[in-house]
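The primary structure of each chain is shown beneath.
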Amino acid sequence: MPGSALDPLVAAWRAARRVVVLTGAGLSTASGIPDFRSPGGRWERYQPVPLPDFLASEHAREEYWRYKGQTWRVICAAAPNPAHQALADLARARRIHLLVTQNVDGLHERSGFPPDRLVNIHGTDSEVECMGCHQRAPRAVAQELWEAGTAVPRCACGGPWKPATISFGQQLVPEDLARALREAAACDLFVAAGTSLVVGPINQMFPVAHDRGARTAILTASETPFDHAADMKLSAPVAEVLPAVQDRVLGA
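Rules used throughout
- Residues numbered from 1 in each chain as written.
- Predicted model: local features only at pLDDT ≥ 70, side-chain atom pairs only at ≥ 80, totals over all residues.
- Heavy atoms only, no water.
- 1 Å grid on protein atoms, 1.4 Å probe; cavity = no way out; pocket = protein on both sides within 12 Å on 5 of 7 lines; lining within 4 Å.
- Points joined across faces, edges and corners; volume = space filled by probe spheres on them.
- Helix = DSSP H or I, 4+ residues; strand = E, 2+ residues; numbered from the N terminus.
- Nonpolar A, V, L, I, M, F, W, Y, C, P; charged D, E, K, R; others polar.
- Pairing = 2+ DSSP bridges.
- Axes fitted to C-alpha atoms, helices over the stretch in contact; angles between N-to-C directions.
- Contact = heavy atoms within 4.5 Å.
- Salt bridge = Lys/Arg side-chain N within 4 Å of Asp/Glu carboxyl O.
- Buried < 20%, exposed > 50% of the residue type's maximum accessible area, 1.4 Å probe, protein only.

Trainee: What is the right way to look at the layout of surface pockets in this model?
Mentor: By volume, the second largest pocket is sized at about 150 Å³. At the level of secondary structure, the elements contributing two or more residues to the lining of the second largest pocket comprise strand 4 (123-130) and strand 6 (161-165). When residues of the lining of the second largest pocket are assigned to their parent elements, the largest contribution, 4 residues, is made by strand 6. Partitioned by chemical class, the residues of the lining of the second largest pocket number 6 nonpolar, 7 polar and 4 charged.

Trainee: Just checking my understanding: could you explain the sheet that holds strand 5 (residues 136-138) for this structure?
Mentor: Two modes of strand pairing occur in sheets, parallel and antiparallel, and in both the strands are linked by backbone hydrogen bonds. With antiparallel pairing, 3 strands are arranged side by side in an open sheet as 5-4-6. The sheet is open, and its two borders are formed by strand 5 and strand 6, each paired with just one other strand. When the angles between neighbouring strand axes are averaged without regard to direction, this sheet yields 45°. Contacting strand 4, strand 5 and strand 6, helix 7 (residues 139-147) crosses the sheet at an angle of about 70° to strand 5.

Trainee: It is not clear to me how the pattern of salt bridges should be interpreted in this structure. Could you clarify?
Mentor: Opposite charge on two side chains allows them to pair when their charged atoms are near. What the rule picks out here adds up to 13 salt bridges. Among the salt bridges present, the one from Arg73 reaches Glu147, with a minimum N-O distance of 2.8 Å. Here the residue Arg73 occupies a position in helix 4 (residues 58-77), and Glu147 occupies one in helix 7, the gap between them amounting to 74 residues. Overall, Glu147 belongs to the partly exposed group, its relative accessible area being 41%. Note that Arg92 is salt-bridged to Asp89, the shortest N-O span being 2.5 Å. Linking Arg92 with Asp89, this pair stays in helix 5 (residues 82-92), spanning 3 residues, or about one helical turn. Since its relative accessible area comes to 43%, Arg92 is described here as partly exposed. Salt bridges linked by common partners bring Glu58, Arg61 and Arg154 together as one network.

Here it is as structure tokens:
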């Protein structure tokens, strides 16, 4: 993409004292992980299972694990792409104050992003939680059972294991949401990358930052509800935009 198209974002990033970033599924598509809403995305093949359905129905639990078990194979085969690496480099250079991700694939962690400045607002696929006793364990504990043919892996207590992600109908971790919104209110540059900004309540980071006077940038090919209010909108692939921004910000 022409370097001039990046000029406003590069200038804003250089000038900013507190940059807050929100990432979504579009950040990981270049790693081979399909997003949710695009043609061919995950929700064309699987319907999400809300938490109340998971808790009430063995059939729903089987459907949930069929989707999650297969998705975990895709995640394990994926690697951080240049967008993840660019964000990690910017964070290590103290040019990102906080990154909030809607993704559960763990690619930010695997890119070396500093964990103290990372919030996994929708949880993680790398652990499982028992819905009976609420014990947590590494994903492999349940995944190996599923791979061996167990339709719904269970904890020793008898409760079903569930990947430690936030399902529809499940509350976000209050402390994580409060931190995300607090930092959005305090930033002077807010960047939404690879997210359609339609999933609430975390999408409220954008209006919170905007209303407090922060510069705002949306980096995604899709339309979002906040395009009209953004100072900058770049539709080129984030795996191209973010490395180019990182080169110019850190090379300044």
